[in-house]
Amino acid sequence: DGSELTEIGNFSDANYAAPNDELFGAAKGKNLIMVSVESTQAFVMNNKVNGQEITPFLNDFAKESLNFTNFYHQTGQGKTSDAEFLTENSLYPLSRGAVFFTHSGNEFNSMAEKLEENGYYSNAMHANNKSFWNRDIMYDAIGYERFYDVNDYEVNEDNSVNWGMKDVPFFEQSVGLMKEMPQPFYSKMITLTNHHPFYYDEEDKMIDEFNSNSGTLNRYFVTVRYTDEALKTFVEDLKEAGLYEDSVIVLYGDHYGISENHNEAMAQYLGKEVTPYVSAELQKVPFMIHIPGVDGQEISTVGGQVDVRPTLLHLLGIDTKGDVQFGQDLLSEDHENFAAFRDGRFVTEDYVYAGDACWDKATGEQTDATYCTPYIEKAAAELNYSDRVIYGDLLRFYDPDSAIKEQ
Ligand code: GP9
Ligand code: MN
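Residues numbered from 1 in each chain as written. Chains lettered and ligands numbered in written order. Predicted model: local features only at pLDDT ≥ 70, side-chain atom pairs only at ≥ 80, totals over all residues. Heavy atoms only, no water.

As named in an unreviewed UniProt entry, the chain is Sulfatase N-terminal domain-containing protein, taken from Domibacillus iocasae. What the UniProt record of the chain gives under Subcellular location (unreviewed entry) is the line "Cell membrane". The heading Sequence similarities (unreviewed entry) in the UniProt record of the chain holds the text "Belongs to the LTA synthase family." (UniProt positions renumbered as here; feature names shortened; annotations may be inferred.)

Below is the structure:
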């Protein structure tokens, strides 16, 4: 009931990290373009395969952005949809199944809704069947005013590969749609080409495959490189359309592309054994925020997708105090270095908890379990409170003007 929300609201309020004075509102009034970059892990950045750069565009763009270099995905079985859920709501996804399917009738207090209250036209853009991941239903609960799905794009055999429309034409046509949108707008976009099994057209191959016993990993580099190029053309198109200077561009990797089934090939690529520690570190995904007129900066705070909502809203000058959320503004001085994975693993400033062991980040070796012990409870508490919000549909009791806000 409502009192359960009060208890959880108190937990959430105690967790609130006040905005950074300098950066609060640094992007006020700008369009927000957030791209969920399919299956892109952080290890490909500033890295090469066969001597060739894998993400030349991202590497450059990161330098002009607030670039978060210790940022982890926190998804479960709901994959892309879990990443969407995390970033919109600052709630964790579920330990089993996809919350997009199981709780699409719930009420939420999404970033999209908050932006609408602040005059934004909110929409999602993804050139796939609208019912994939139950998006057509869940997007109503999240509150997007419009979902530009496959039917809003011109998709044909020539501009498709693997799962569907290629990223380059997707971005190109999306900019065409953006030109017609009322401003400021919030567009959440989802790429598709760099998706397992990472099939590509020969004409889109810009670097050579890796050479290991995993065709999946071998091809992955080629499709990541393609998506990197697509992002480059996207930014060029935004400039041409006159939208670039008025828009904040946010890129995040949704989840891993290379599962542990490919550890042997991954070890060959990395040149080291994939221990539970390395495996956890491989869950880092890119996260960068480009704000016109704001200098690039590397931010090494440990965080995850649950932190995206408060971070972005604060940059846009919208406070999140009193909101029921489990993330913290990554730019806040009060942000705690912490990222809980959905499966109980976690990362702190100095330690990684994985494979039921505590690992010292300084050495990459196992260390005394007691260093991790206090955080085991913290991770469990956050996940548990978040689960209760979802299972009890507790946000139906949330009233932004109620006492919860004042506590
Ligand atoms: C499908 C796309 C892929 O529309 O978002 O989903 P995934 O398999 O990565 O969860
Ligand atoms: Mn995905």
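On we go from here.
Considering the environment of H195
Its location among the elements puts H195 in the loop between β10 (185-190) and α8 (215-240). If we skip the residues at most four places from it in the chain, H195 touches E38, S39, N162 and W163. (Helix = DSSP H or I, 4+ residues; strand = E, 2+ residues; numbered from the N terminus. Contact = heavy atoms within 4.5 Å.)

Focus on unusual backbone geometry
Between Q183 and the following residue, P184, the backbone shows a cis peptide bond with an omega angle of -5°. On the secondary structure map, P184 appears in the loop between α7 (167-179) and β10. Here the amide bond leading from H196 into P197 is cis, since omega sits at 5°, within 30 degrees of zero. Along the polypeptide, P197 turns up in the loop between β10 and α8. Positive phi, close to 55°, is recorded for S39, a residue that is not glycine. Take S39: it is sitting in the loop between β1 (31-37) and β2 (48-49).

Focus on the packing of aromatic side chains
Per the stated rule, a full pass over the model turns up 32 aromatic pairs. For the ring pair F101 and W133, a centre distance of 6.1 Å and an interplane angle of 55° mean the geometry is tilted. Note that F101 is positioned in helix α4 (residues 99-102) and W133 in the loop between β6 (121-125) and α6 (135-142), a separation of 32 residues in sequence. Judged by relative accessible area, W133 falls into the buried class, the value being 18%. Here a set of aromatic residues connected by ring pairs shows up, and it is made of F43, F198, F210, Y220, F221 and Y269. Over the aromatic face of Y148 sits the side chain of R146, whose NZ or CZ is 4.3 Å from the ring centroid. Here the guanidinium or amino end of K378 rests over the ring plane of F338, the centre of that ring lying 4.8 Å away. (Phe/Tyr/Trp six-rings, centres within 6.5 Å; stacked < 30°, edge-to-face > 60°. Buried < 20%, exposed > 50% of the residue type's maximum accessible area, 1.4 Å probe, protein only. Lys NZ or Arg CZ within 6 Å of the ring centre and 35° of its normal.)

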